[in-house]
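Descriptive structure summary
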Amino acid sequence: MRPSKTHLTVDALLAGLLDAGQISRKDHDDTLTVARMRGRTDLHPLALVGERRLTRACPPGGTLDVEALTEWLAGEAALPYFHIDPLKIDVTSVCNVVSHAYATRFRILPVAVHADEVTVATAEPYESEWQGVLEQALQIRIKRVLANPTDIVRYLAEFYSLARSLKQAVAQHEGMQTGIGNFEQLVKLGSNKSLDANDQAVIHIVDWLLQYAFDQRASDIHIEPRREVCNVRFRIDGVMHLVYQTPVPVMAAITNRIKLMGRMDVVEKRRPQDGRIKTQAANGEEIELRLSTMPTAFGEKLVLRIFNPDVLLKSFADLGFARDEEGRWRRLFGQPNGIILVTGPTGSGKTTTLYSTLKELARPEVNVCTVEDPIEMVYPHLNQMQVQHNIGLDFASGVRTLLRQDPDVIMVGEIRDLETAEMAIQAALTGHLVLSTLHTNDAPSALTRLMDLGVPPYLIRSTLLGVLAQRLVRTLCPHCKQPAAIDAGDWKDLLAPWSASLPHHAQKPQGCLECRMTGYHGRIGLYEMMVMSPSLREEVSADMDAAHFRAQAIKEGMQPLRLAGARHIAAGTTTLEEVARSTPPASGEPGA
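Residues numbered from 1 in each chain as written. Predicted model: local features only at pLDDT ≥ 70, side-chain atom pairs only at ≥ 80, totals over all residues. Heavy atoms only, no water.

On to helix 10 (residues 248-261). Between the first and last C-alpha of helix 10 there are 20 Å, a value that for 14 residues agrees with the 20 Å anticipated at 1.5 Å per step. A large share of helix 10 lies buried, amounting to 10 of its 14 residues. Here helix 10 has its buried residues at Val248, Val250, Met251, Ala253, Ile254, Thr255, Asn256, Arg257, Ile258 and Lys259. (Helix = DSSP H or I, 4+ residues; strand = E, 2+ residues; numbered from the N terminus. Expected span 1.5 Å × (residues − 1). Buried < 20%, exposed > 50% of the residue type's maximum accessible area, 1.4 Å probe, protein only.)

Next comes the structure, spelled out in structure tokens:
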């Protein structure tokens, strides 16, 4: 397809699609009629045809959206197809290649800068006048790639706006030293200037950063100072991604701005601090962020954990509970009194499980109180109290206070010491349901941990209702996962006792635009639920055999974490590699 003019037109695009057998004659005629009725439009032809979402008339079928049309056109024009992933683009370097005015005029966007070549994205495959001009001006080779016109327009505005704000912030404070808290930097005496956290450029950078994180489904934002630059990293589906680097002075202003938003002490940089921000995404959705600072060798490190209130609306099935697991879990927290523990490492989804459970318990006739450090998600139907060590309000004294508040259900953020454990047990013995968390590898280890803290075995026997151990694994992208075979040897390495009875088919990651070529999209929980039966209670003693206790729990219906993972592998939800990476070895199980 070679149109007579350099600019791509709707007529030429539709004619090319028809000639290539991509669309039917009817779709061609209908779309052409709609385009002509609309008359002059600023929409790029790819966007105009793409919004019609025509059905591809030849194999492999599917919908011809803007991205699919762009990929097809790239092949027709013999240009490399390029999907703009903002996580993989160095905004500062690409915006230094050409001016915003020049890039806007030709609707081009530099996307990669190398020593001998600059890659520039365009949506006009037959317009190349600018390429020769740039090569002559920059004295470097230009590689043209074809990209989605909607993405080019969006990121052209975003990238240059961000780069402009960054330039303004740096220019205002050229040559300044911001070495407060940086043990590796020479501080100039008498230099007390600092970037204003309320400067409009800094505000714009922070707003962009937060919105960027929401768009990319990040669960955490890490702002990490280094000797020369500051790294900004996102955790997406449990994996860290470097997304941005800023100069040190700008990093200090960004940190101060976020601390101001979180009502933290901006001056204090020597001690760790906690804070929180409640904000809105572009779609109006309320999002809470938990802030934590830490002094490091190069300055103050800041982590923002993003909590989406939508998790409170998730069902147990959405969290990854099997039907029988959900039934057992509901029977557990339906008890009038006793202790239920949720265990697992940091970031394993314990908070989400607890809040989803509390949402079920928080009925008008039930008084649900929590003591947390800090309050991670504010929920209107709970009475939530935050630990404040500076005034002596810790978990133990918090539970003591809650007991005088006529509670039915108490949630203790974490049992860290004997005093807190004793108060939780006291609450359970006096007729309250207590939910809390522990950091252990599996469910049976929670009993050992309680005894290590100093809790007598007889109190564990009389109060503990059950323990839920959990992990999060990445789920396969539903748009691109492919069938895969698993041989018996793979199953045996993962879960020897049950390998013979497990299926030999599964799914594997492929990678597509929906999952940013990772093959994974989202995460789901794996659960190991141990319900304390009379026979298990009899096993609890100071000299109990942990391996024997675990084997007995499995005989009574406890499904190990790796077996829960195997169920999701067989269902095509996740992969064997993900389960092996995220769960502890199945030691102590029958036949292991």
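Continuing now.
As defined by bridge partners, strand 4 (residues 117-122) adjoins strand 5 (residues 141-146) across six bridges and the pair is classed as parallel. Bridge assignment links valine 120 to a residue of strand 5, and that residue is arginine 144. The handedness of the strand 4 to strand 5 crossover, carried by helix 7 (residues 129-138), is right-handed. (Pairing = 2+ DSSP bridges. Right-handed = clockwise from strand over helix to strand, strands pointing away.)

A few words on the sheet that holds strand 5. Whenever strands of a sheet pair, they do so through backbone hydrogen bonds, lying parallel or antiparallel. Reading across the sheet, the three strands line up as 3-4-5 and stay open at both edges, with mixed pairing between neighbours. Both outer strands of the open sheet, strand 3 (108-113) and strand 5, are each paired with one neighbouring strand and no more. Strand-to-strand twist across the sheet, computed as the mean angle between neighbouring axes with direction ignored, equals 30°. Pairing of strand 3 with strand 4, which is carried by five bridges, proceeds in the antiparallel orientation. (Axes fitted to C-alpha atoms, helices over the stretch in contact; angles between N-to-C directions.)

We now examine the nonpolar core. Among the nonpolar cores identified, the biggest contains 67 residues, and Leu109, Ile221, Ile223, Phe234, Ile258 and Leu304 are the most heavily contacted of them. When residues of this core are assigned to their parent elements, the largest contribution, 10 residues, is made by helix 9 (residues 200-215). Shared between two domains, this core holds at least three residues of each, these being domain 2 (86-147) and domain 3 (157-171 + 198-310). Apart from the residues within four sequence positions on either side, phenylalanine 234 is in contact with Leu87, Leu209, Tyr212, Ala213, Ala218, Asp220, Ile221, Val239, Met240, His241 and Val243. Grouped together as the second largest cluster of nonpolar side chains are 43 residues, Phe395, Ile410, Ile425 and Leu453 included. (Core = buried A, V, L, I, M, F, W, Y, C linked by side-chain atoms within 4.5 Å. Domains from an automatic or database assignment. Contact = heavy atoms within 4.5 Å.)

Tallied over the full model, the rule gives 10 aromatic pairs. Between tyrosine 102 and phenylalanine 106, the ring centres sit 5.0 Å apart and the planes meet at 50°, which makes this aromatic pair tilted. Within this pair, tyrosine 102 and its partner phenylalanine 106 are both found in helix 6 (residues 100-106), separated by four residues, close to a single helical turn. Each member of the pair, tyrosine 102 as well as phenylalanine 106, is classed as buried. Relative to phenylalanine 234, the ring of tyrosine 212 lies with its centre 5.6 Å away and its plane at 70°, an arrangement referred to as edge-to-face. Here phenylalanine 234 lies in strand 7 (residues 229-236) and tyrosine 212 lies in helix 9, a separation of 22 residues in the sequence. As far as the burial class goes, tyrosine 212 and phenylalanine 234 line up, both buried. A connected cluster of aromatic rings, assembled from ring pairs, spans Phe316, Phe321, Trp329, Phe333 and Tyr527. (Phe/Tyr/Trp six-rings, centres within 6.5 Å; stacked < 30°, edge-to-face > 60°.)

Within the fold, methionine 423 resides in helix 15 (residues 418-429). Along the sequence, methionine 423 and glycine 398 sit 25 residues apart, while their C-alpha atoms lie 9.3 Å from each other. Apart from the residues lying within four places of it in its own chain, the contact partners of methionine 423 are Ala396, Val399, Arg400 and Leu403.

Reading across from one edge, 8-7-6-11-10-9 is the order of the six strands in this open sheet, with antiparallel pairing throughout. Looking at which strands have only one partner, the edges of the open sheet turn out to be strand 8 (239-247) and strand 9 (273-280). The sheet shows a mean angle of 20° between the axes of neighbouring strands, taken without regard to direction. Here strand 10 (residues 286-296) runs beside strand 11 (residues 299-307); their pairing, made up of nine bridges, is antiparallel. Within the sheet, the bridge partner assigned to leucine 289 lies in strand 11 and is isoleucine 306. Along the sheet, helix 10 makes contact with strand 6 (218-225), strand 7, strand 8, strand 9, strand 10 and strand 11, crossing strand 8 at roughly 115°.

This part is about unusual backbone geometry. It is generally the case that most residues other than glycine have a negative phi and that most peptide bonds are trans. The amide bond that connects proline 59 to the next residue, proline 60, takes the cis arrangement and shows omega of 5°. Within the fold, proline 60 resides in the loop between strand 1 (54-55) and strand 2 (63-64). Backbone geometry places aspartate 406, a non-glycine residue, at a positive phi of 55°. Along the chain, aspartate 406 turns up in the loop between helix 14 (395-402) and strand 15 (409-412). The exposure class assigned to aspartate 406 is exposed, which follows from its relative accessible area of 62%.

Let us look at the UniProt feature "domain: Bacterial type II secretion system protein E" (unreviewed entry) in the chain. Feature annotation in UniProt assigns "domain: Bacterial type II secretion system protein E" (unreviewed entry) to the following positions: residues 403-417. Secondary structure across residues 403-417 comprises 0% helix and 27% strand; the distance between its end C-alpha atoms is 19 Å. (UniProt positions renumbered as here; feature names shortened; annotations may be inferred.)

Let us now look at the packing of helix 14 against helix 15. The geometry of a pair of packed helices is captured by two quantities: the angle between their axes and the separation between those axes. Interaxial distance between helix 14 and helix 15 falls to 8 Å at its minimum, and their mutual angle equals 20°. Taken together, the axis directions place helix 14 and helix 15 in an arrangement best described as roughly parallel. Handedness of the crossing formed by helix 14 with helix 15: left-handed. Contacts between helix 14 and helix 15 pair Phe395, Ala396, Val399 and Arg400 from the former with Glu419, Thr420, Met423 and Ala424 from the latter. (Parallel < 35°, antiparallel > 145°, perpendicular 65-115°, else oblique. Left-handed = near helix turned anticlockwise from the far one by under 90°.)

The next point concerns the environment of valine 97. By secondary structure assignment, the location of valine 97 is in the loop between helix 5 (91-95) and helix 6. Residue valine 97 is classed as buried on the basis of its relative accessible area, which comes to 14%. The sequence separation of valine 97 and valine 113 amounts to 16 residues, and the corresponding C-alpha distance is 8.2 Å. In contact with valine 97, not counting residues within four places along its chain, are Pro110, Val113, Val118 and Leu138.

Going through the model one piece at a time under the given rule, you end up with 29 salt bridges. Salt-bridge contacts for arginine 25 lead to aspartate 29; the nearest nitrogen and oxygen are separated by 3.8 Å. Of this pair, arginine 25 and aspartate 29 both sit in helix 2 (residues 25-38), four residues apart, which is roughly one turn of that helix. By relative accessible area, aspartate 29 is classed as partly exposed at 34%. Its salt-bridge partner being glutamate 414, residue arginine 416 comes within 3.2 Å of it at the nearest N-O pair. You can call arginine 416 partly exposed: its relative accessible area is 36%. Through salt bridges with shared partners, a single network forms among Glu326, Arg330, Lys359 and Glu360. (Salt bridge = Lys/Arg side-chain N within 4 Å of Asp/Glu carboxyl O.)

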